[in-house]
Amino acid sequence: MIIADRKPLGELLEMVKDCNKVLILGCKGCVTVCNVGGTKEVGVLASILKIARKKEGRPLQVDEKTIERQCDPEYIALVKDQVGQYDAVISMACGVGPQFLSEAYPDQRFFPAVNTTSFGGALQHGIWSERCAGCGTCLIHHFDGMCPIARCSKSILHGPCGGSAKGKCEISKEVDCIWDMIVQKKMEKGRLEDLTKMKPNKDWRTARDGGPRKSVREDLVQ
Amino acid sequence: MNDLKSGSNLEKVLRAGHFALTGECGPPKGANVEHLKEKFSHLKGVVDAVNVTDNQTAVVRMSSWAASAVMIQNGVEPNFQMVCRDRNRLAMQSDILGAYAMGVRNMLCLSGDHQTFGNHPQAKNVYDIDSMQLLSLVKKMRDEGKFLNDEDIDVPPKMFIGAASNPFADPFEFRVHRLAMKIAAGADFIQTQCIYNMDKFRNFMKMAVDMGLHEKARILAGITPMKSVGMAQYMAKSVPGMDVPESLIKRLRGAGKGKAAEEGIQFAIEQIQEFKEMKGLAGIHLMAIEWEHRVPEIAERAGLLPRPKV
Amino acid sequence: MRLSYPSNVKVIQVPCTGRVDIIHLLKAVEDGADAVYVAGCMEGECHFLVGNLKAKKRVQYVKKVLQELGIEPERVEMFNLSAGEGPRFAEIAREMVERAKALGPSPVKMKKAA
């Protein structure tokens, strides 16, 4: 899923400081799965904003709604009659949501409630970890199912570097050295020679470095 | 001496079979040429080449190619270091040509410490290619006379190519294979991370010699003399990939107040004596960082002076 | 037991404190409660195994939110006691009322326009 973290409350309050009436729009997609922007979190944020503004003596009306997804025009269209009624709309979806909403409703202001970080999955309930950097040329099959682009701090293809210590990355003991894991697995499976072959330089054109990307299925386009 | 790859002093010393000695000098945190000259002046004539670090530990300093050029202008041979952290492949090829044009003939290819360590942690990460690929790149430029994209180079850079090796990082069993890969990719010489755990290093060298790596590239053992107990403890705890045995810290402490530095130098000299005889080693890389003025004394006491004229 | 506890404590019964969610605590604060506390079973003795541990985490979360908003985190609290501890229940109620008095009225109570 796409992983995100809710923005600090101070930043959110700053965004709506000139508003009297806002709508918080949640999303049942990725942000629900990583517990940051679904119905429940919309409710919590609504209450928090109301508390903060009540304390200031400038009450804020906060309405709540959660839609299926904010990355498909069909769902964005569902809020057509509502979005105009507010001073601003706070989207709790990933970075895609507020942008799609802004394009569909150019006369309204859409604020992002979350900082979108990465593509990843849950390690356990409440902990989500990055797994994919969206480089556009997946090569995990060369590394026994592990991605050095996303999971090595230096994205090296011939690791580990000299900073790998006790299975941890030099930048932090909280970060596993993926290269240590790759080498251990290759050694275990007797495939170490895979790692001694030179890998070609990465072609970053398929990654964000090559510019904003678009995927097209010609057979589906009307 | 024909078929030299670069004609650098370091290359000639190693080719002639002498036990080489290289030093290190970090450029200043500014354009202070006088300070830089003062630093490397201690090393002139005392070592065969001086490593010039590249924004070491991700702290901004005068660029390594510029500091290398200053060195050349003052009669000292640099070993120009380039890390993969700050430059993409365009800048790398461009800087290699620039450095060569300024007279640089030795180059060390490194990954580089992650920018979170340094004084600009907010910076964007480059790491376009890794150190292995950089070695391969420099070799391609030198031996094929081509850029990465196979276009011809208008006067190719003939560098003597070096790589770093850390026998103390994990996983230990893989380090010698990685060293072999670096040599296969293009490394002519290797400088290891500074050594304190002699047992582990002896083990590592045995594996390297078994693989015949010492015949394919010249391996220089890294030494950094300990200045104090505090330094030893810091390196043991806070520097990733560093292996400092408790026995060494004890030894330094046991030397008594104010005497740890001399004990540290004594340990370094003992290491040098062993390395001179160790199979597979072609020299020493002495990294007396911010202690350059002690290098002549250490070199003298270790019997490494005078340096051979080739 | 017919022990008395202060009348300004409103008790909301739940089958397990695991039923209490962040939003319930926030709503209490939003609606002007000077303090809100959760009284759950002793840790390790939850009939539903970890309901009281979940409640504890949620109370921590709300404390952090209040802190970020410049509201005293002590206005929200978690307590553990067993179902048979009548006197302890009353004691906790008195403690929280005293605490609320010491902290003063909730800053969230609507201010009259100047």
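Residues numbered from 1 in each chain as written. Chains lettered and ligands numbered in written order. Predicted model: local features only at pLDDT ≥ 70, side-chain atom pairs only at ≥ 80, totals over all residues.

A.B. asks: Would you explain the overall build of chain C in this entry?
C.D. replies: When you go through chain C residue by residue, the secondary structure sums to three helices and two strands. Helices and strands in chain C line up, N terminus first, as α-β-α-β-α. In chain C, which comprises 114 residues, the proportion classed as buried is 27%. (Helix = DSSP H or I, 4+ residues; strand = E, 2+ residues; numbered from the N terminus. Buried ≥ 20, exposed ≤ 12 C-beta atoms within 10 Å, placed from the backbone.)

A.B. asks: Explain the overall build of chain B to me, please; I cannot follow it from the model alone.
C.D. replies: A count of helices and strands for chain B gives twelve helices and eight strands. Relative to the compact-globule value of 19 Å for 310 residues, chain B shows a C-alpha radius of gyration of 19 Å, a close match. For chain B, the spread of C-alpha atoms along the three principal axes comes to 60 × 45 × 40 Å. The buried share of chain B, taken over its 310 residues, is 51%. Here the analysis covers contacts within chain B between residues at least 6 apart in sequence; of these, 77% occur between residues at least 24 apart. (Rg over C-alpha atoms; globule rule 2.2 N^0.38 Å. Contact = placed C-beta atoms within 7 Å.)

A.B. asks: So what exactly am I meant to see when it comes to the arrangement of the chains here?
C.D. replies: Looking at the two pairs of chains with contacts, the pair that accumulates the most is chains A and B. No interface is formed between chain B and chain C, the nearest pair of C-alpha atoms being 25 Å apart.

A.B. asks: Help me understand the interface of chain B and chain A, please; the structure alone is not making it clear to me.
C.D. replies: How big an interface is tends to be stated in terms of accessible area lost as the parts join. Listed per partner, the contact involves 26 residues of chain B and 25 residues of chain A. When residues in the side of chain B that touches chain A are grouped by element, the largest group, five residues, is from helix α6 (residues 172-185) of chain B. Split into classes, the residues belonging to the side of chain B that touches chain A amount to eleven nonpolar, nine polar and six charged. (Nonpolar A, V, L, I, M, F, W, Y, C, P; charged D, E, K, R; others polar.)

A.B. asks: Just to check I follow, could you spell out α6(B) for this structure?
C.D. replies: Every α-helix winds through 3.6 residues per turn, so residues three or four apart in the chain are directed the same way. Over its 14 residues, α6(B) extends 21 Å from the first C-alpha to the last, a length consistent with the 20 Å expected when each residue adds 1.5 Å. Burial in α6(B) covers these residues: B:Phe174, B:Arg175, B:Val176, B:Arg178, B:Leu179, B:Lys182, B:Ile183 and B:Ala185. On its buried face, α6(B) is in contact with α7 (178-188) of chain A together with α5 (131-144), β5 (160-165), β6 (189-194), α7 (198-210) and α8 (213-216) of chain B. Count one or two residues on from α6(B) and you reach B:Gly186, which has phi positive near 145°. (Expected span 1.5 Å × (residues − 1).)

A.B. asks: Help me understand the pairing of strand β2 (residues 76-80) of chain C in this model?
C.D. replies: It is a general feature of regular strands that their side chains alternate between the two faces of the sheet. Residues and elements named next belong to chain C. Bridge analysis of strand β1 (residues 36-40) against β2 gives five bridges, and the strand direction is parallel. Across the sheet, the residue bridging to Val 36 is Val 76, located in β2. In this view, the connection linking β1 to its parallel neighbour β2 by way of helix α2 (residues 51-68) has right-handed handedness. (Pairing = 2+ DSSP bridges. Right-handed = clockwise from strand over helix to strand, strands pointing away.)

A.B. asks: Sorry if this is basic, but what is going on with unusual backbone geometry here?
C.D. replies: The linkage connecting A:Gly159 with the following residue, A:Pro160, adopts the cis geometry, with an omega of -5°. Of note, the bond from B:Leu305 into B:Pro306 is cis; its omega dihedral lies within 30 degrees of zero at -5°. Along the chain, B:Pro306 turns up in the segment after α12 (295-301). The backbone phi angle of A:Asp144 is positive, close to 50°, even though this residue is not glycine.

A.B. asks: So what exactly am I meant to see when it comes to the interface of chain A and chain C here?
C.D. replies: Of the residues lining the interface, eleven residues belong to chain A; the matching set on chain C comes to 14 residues. When residues of the side of chain A that touches chain C are assigned to their parent elements, the largest contribution, nine residues, is made by helix α3 (residues 39-56) of chain A.

A.B. asks: I would appreciate a short explanation of the sheet that holds strand β2 (residues 21-27) of chain A in the present structure.
C.D. replies: Strand-to-strand pairing in sheets goes through backbone hydrogen bonds, with the strands running parallel or antiparallel. Residues and elements named next belong to chain A. Read from one edge to the other, the open sheet built from four strands follows the order β3-β2-β4-β5, with strand pairing classed as parallel. Looking at the sheet topology across the chains shown, the edges are occupied by β3 (61-67) and β5 (110-112). Each strand axis lies, on average, 25° off the axis of its neighbour in the sheet, ignoring direction. Direction of pairing for β2 relative to β3: parallel, over a ladder of seven bridges. From the neighbouring strand, Ile 24 faces β3, where its bridge partner is Glu 64. This element, α3, spans β2 and β3 of the sheet and lies at about 170° to β3. Contacts from helix α5 (residues 96-104) reach β2, β4 (88-91) and β5 within the one sheet, and its direction differs from that of β5 by about 170°. (Axes fitted to C-alpha atoms, helices over the stretch in contact; angles between N-to-C directions.)

A.B. asks: Please clarify how the packing of helix α4 (residues 89-101) of chain B against α5(B) should be interpreted in this entry.
C.D. replies: For any two helices packed against each other, one specifies the inter-axial angle together with the distance between the axes. Residues and elements named next belong to chain B. Packing of α4 against α5 brings their axes to within 11 Å, and their N-to-C directions diverge by 50°. It follows from the interaxial angle that α4 and α5 lie oblique. Pair α4 / α5 crosses with right-handed handedness. Contact residues: Met 92, Gln 93 and Ile 96 in α4; Leu 134, Leu 137, Val 138 and Met 141 in α5. Across the contact of α4 with α5, the residue classes tally to six nonpolar, one polar and no charged. (Parallel < 35°, antiparallel > 145°, perpendicular 65-115°, else oblique. Left-handed = near helix turned anticlockwise from the far one by under 90°.)

A.B. asks: Would you explain the packing of helix α2 (residues 33-41) of chain B against helix α3 (residues 64-73) of chain B in this entry?
C.D. replies: Residue and element names in this part refer to chain B. Contact geometry for α2 and α3: axes closest at 10 Å, N-to-C directions at 65°. By crossing handedness, the relation of α2 to α3 is classed as right-handed. Contacts between α2 and α3 pair Val 33, Leu 36, Lys 37 and Phe 40 from the former with Ala 67, Val 70 and Met 71 from the latter.

A.B. asks: Hey, could you run me through the sheet that holds β5(B) in this one?
C.D. replies: Residue and element names in this part refer to chain B. Pairing is parallel around the closed barrel formed by eight strands, whose spatial order is β1-β2-β3-β4-β5-β6-β7-β8. The average angle at which neighbouring strand axes cross in this sheet is 30°, direction not considered. The pairing of strand β1 (residues 20-25) with strand β8 (residues 281-286) spans three bridges and is classified as parallel. If you follow Ala 20 over to β8, its bridge partner there is Gly 283.

A.B. asks: Got a minute to help me understand the environment of B:Val50 in this structure?
C.D. replies: Residue and element names in this part refer to chain B. Structurally, the position occupied by Val 50 is in strand β2 (residues 49-52). C-alpha separation for the pair Val 50 and Val 209, spaced 159 residues apart in sequence, amounts to 26 Å. The contact partners of Val 50, leaving out residues within four places of it in the chain, are Thr 22, Gly 23, Glu 24, Cys 25, Phe 40, Leu 43, Met 71, Val 76, Glu 77, Pro 78 and Asn 79.

A.B. asks: What should I look at first to understand helix α11 (residues 260-277) of chain B in this one?
C.D. replies: Residues and elements named next belong to chain B. For α11, spanning 18 residues, the distance from its first C-alpha to its last is 26 Å, which sits close to the expected 26 Å at 1.5 Å a residue. Residues of α11 that are buried include every one of Ala 260, Glu 263, Gly 264, Ile 265, Ala 268, Gln 271, Ile 272 and Phe 275, and no others. Residues of α11 that are buried sit in contact with β7 (218-223), α9 (229-238), α10 (246-254), β8 and α12.

A.B. asks: What's the story with the pairing of β5(B) in this structure? I'm lost.
C.D. replies: Residues and elements named next belong to chain B. Here β5 lies mainly inside the structure; six of its six residues are buried. Two elements, β5 and β6, share four bridges in a ladder whose sense is parallel. Following the sheet pairing, Ala 164 is matched in β6 by Gln 191. Where the polypeptide runs from β5 across α6 and back to β6, its parallel neighbour, the crossover connection is right-handed.

A.B. asks: Looking at this model, I keep getting lost on the environment of B:Asp128. Mind explaining?
C.D. replies: The residue B:Asp128 is located in the loop between β4 (106-110) and α5 in this model. Excluding residues that lie within four positions of it along the chain, B:Asp128 makes contacts with A:Trp204, B:Asn88 and B:Arg89.

A.B. asks: When you look at the nonpolar core in this model, what are you seeing that I'm missing?
C.D. replies: Side chains that are nonpolar tend, in soluble globular proteins, to be buried together. In terms of nonpolar packing, the biggest core is built from 106 residues, with B:Val50, B:Met107, B:Cys109, B:Leu134, B:Leu135, B:Val138 and B:Ala187 touching the most fellow members. Considering each element in turn, this core owes the most residues, six residues, to α5(B). Of all hydrophobic cores here, the second largest spans 63 residues; its members include A:Val31, C:Leu26, C:Ala28 and C:Ala39. (Core = buried A, V, L, I, M, F, W, Y, C linked by C-beta atoms within 7 Å.)

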